[in-house]
Amino acid sequence: MKRFTWLALFAGFTASSAMAADPILVGVSIAQSPPGSVVQGVQVKDGLEIVKDMINAGGGVLGRPIQLIYEDNQGIPEKGRAAAEKLITKDKVVALTGGHQSSVCLAEIEVAHRYDVPYINTNCWSDDVRTKGYPQVFNPGNYNTRVSTAMAETIAAMGVKRVVAFAENTDYGIGQAKLMAELIKAKAPQVQFKYETLDRAGKDFTPAVLALRADPPDMVVNVMLPPAAYILMNQLYEQGVAPSTKTWLYDGAGIGDYPDFWQNVKDAGKYMISFGLYHPQMAMPALGKQVAAEYTKRTKNEPNRLIFQAADSLLLIADAIKEAKSTEPKAIIKALQSMKFSGTRGTFQFGHQPGIGFQQWVDIPYVNYQFTEVNQPVSKSSLIQAPGQPLDLRKLQKPK
């Protein structure tokens, strides 16, 4: 279904339509309880629910409503594997989506590959998800190489000399840190870079932080998800390491737009620079603006990247079903491989070259921004780089 059609449906969106036809079942595996990133799970669900309601209010797909079936994977690979198995074999879903933690995605795609069911990766960044080369796996979300390249270029431009990264001990964290090491070496050979892995379930990172007090680096990079990321940030701030007059804090995990960010970090978030995939000041298609408005209406929060990524994940499935004129998984896969998609964040087709670009939105848009006040909404933060807006280091501020 073309983009203008979704816009027309959304314009008339008031409440879900009651349809007598059997629903199209779509499986969603997300973290709804610890140790997984529950805040991510909530945001993915919010984005999916908005689009599901939008589609159903407009008559569904092929005259049938979309029904989402959720499973809680707790951010644990084994539970993700079991969830995918249950959704495919017992619930008979036509596609899987919602994945937002790389270790879980890597387990789930094995199941999707075995059963030949399409898997729309919402937010798993690990390059390994792409390099598997599974024809069932499609990636409209971000990937580690995209982040590491962008951050390495920013670090090179900032002229820092020594950088320390803290990465969570997961496929995402370790993979991101290793890529940063490679790309910083290539793009900024003058920079001394090292990383340390920390337990994502840890509660106290003081020993790692204290090691930096005597000789603080020019920059500390976060490659951890909440709640561990929040703990690390607070301890870096409490020990006077970062952000400080000596040391920048650069977030590579995109946590600055989480709804619970400020309530967890307070002063530790002021002056943080963040890599991101959405900023309210960046250009967005009309559909993205409408999804953003609906999210704010429902939650009273500013939207973030996960809302749009989840929205596009389900829109992709709906578009592929429409294109294929079928809910057969093989037909959906074939449609996804060839169709051009216009969603909330832009228009693209999936790449076909083996490697990190396989069935990936290769040129996914990204931003860099900085918070300059405590409790500052992302919309008021300083946007220092965006699509069509080159990096502007003059906008950066450091603690005095």
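As the structure is a prediction and not an experimental result, all values here were calculated from the model. (Residues numbered from 1 in each chain as written. Predicted model: local features only at pLDDT ≥ 70, side-chain atom pairs only at ≥ 80, totals over all residues. Heavy atoms only, no water.)

**Brief notes about unusual backbone geometry**
Excluding glycine, a negative phi dihedral is what most residues carry, and trans is how most peptide bonds are arranged.
In step 1: Each neighbour pair has its own omega, and for Pro34 with Pro35 the value is 10°, a cis peptide bond.
In step 2: Among the structural elements, Pro35 can be located in the loop between strand 1 (24–30) and helix 2 (38–57).
In step 3: With an omega of 5°, the peptide bond running from Pro226 to Pro227 counts as cis.
In step 4: One can find Pro227 in the loop between strand 8 (219–223) and helix 9 (228–238).
In step 5: Phi is positive for Gln74, close to 55°, though the residue is something other than glycine.
In step 6: The topology assignment puts Gln74 in the loop between strand 2 (66–72) and helix 3 (77–89). (Helix = DSSP H or I, 4+ residues; strand = E, 2+ residues; numbered from the N terminus.)

**Let's talk about the pairing of strand 1**
In step 1: For strand 1, the tally of buried residues reaches 7 of 7 residues, placing the bulk of the element in the interior.
In step 2: Side-chain alternation along strand 1 places Ile24, Val26, Val28 and Ile30 on one buried face and Leu25, Gly27 and Ser29 on a second face that is also buried.
In step 3: Looking at chain direction, strand 1 and strand 2 are connected through 7 bridges and run parallel. The residue bridging Gly27 from the neighbouring strand is Ile69, located in strand 2.
In step 4: In terms of handedness, the path from strand 1 via helix 2 over to strand 2 forms a crossover that is right-handed. (Buried < 20%, exposed > 50% of the residue type's maximum accessible area, 1.4 Å probe, protein only. Pairing = 2+ DSSP bridges. Right-handed = clockwise from strand over helix to strand, strands pointing away.)

**A short note on the confidence of the model for the chain**
In step 1: For the chain, the average pLDDT comes to 94, and 95% of its residues sit at 70 or higher.
In step 2: Within the model, pLDDT remains below 50 along residues 14–18, and this stretch shows 5 contacts once partners closer than five positions in the same chain are excluded. (pLDDT = per-residue confidence, 0-100. Contact = heavy atoms within 4.5 Å.)

**Regarding the packing of aromatic side chains**
Geometrically, a pair of aromatic rings is defined through the distance of the ring centres and the angle of the planes.
In step 1: By the definition in use, this model includes 13 aromatic pairs.
In step 2: Aromatic side chains Phe261 and Phe371 sit 5.5 Å apart centroid to centroid with 25° between the ring planes, which places their arrangement in the stacked category. Of this pair, Phe261 sits in helix 10 (residues 261–265) while Phe371 sits in the loop between strand 13 (367–370) and strand 14 (382–385), placing them 110 residues apart in sequence.
In step 3: Note on Phe261: relative accessible area 0%, which makes it buried.
In step 4: Plain terms: the ring middles of Trp262 and Phe371 are 5.0 Å apart, the flat faces sit at 70° to each other, and that makes the pair edge-to-face. With Trp262 in helix 10 and Phe371 in the loop between strand 13 and strand 14, this residue pair connects regions lying 109 residues apart in the sequence. Pair check on accessibility: Trp262 and Phe371 agree, each one buried.
In step 5: One aromatic cluster is present, built from ring pairs that chain together Phe138, Phe341, Phe348, Phe350 and Trp361. (Phe/Tyr/Trp six-rings, centres within 6.5 Å; stacked < 30°, edge-to-face > 60°.)

**Considerations on the pattern of salt bridges**
In step 1: For the structure shown, the criterion picks out 13 salt bridges.
In step 2: With a shortest N-O distance of 3.1 Å, Lys132 and Glu110 are connected by a salt bridge. Note that Lys132 is positioned in the loop between helix 5 (128–131) and strand 5 (137–138) and Glu110 in helix 4 (residues 102–115), a separation of 22 residues in sequence.
In step 3: The exposure class assigned to Lys132 is partly exposed, which follows from its relative accessible area of 40%.
In step 4: Judged by its relative accessible area of 28%, Glu110 falls in the partly exposed class.
In step 5: Between Asp215 and Arg162 there is a salt bridge, with its nearest N and O atoms 3.3 Å apart. With Asp215 in the loop between helix 8 (206–210) and strand 8 and Arg162 in strand 6 (residues 162–168), the pair connects residues that are 53 residues apart, well separated along the chain. (Salt bridge = Lys/Arg side-chain N within 4 Å of Asp/Glu carboxyl O.)

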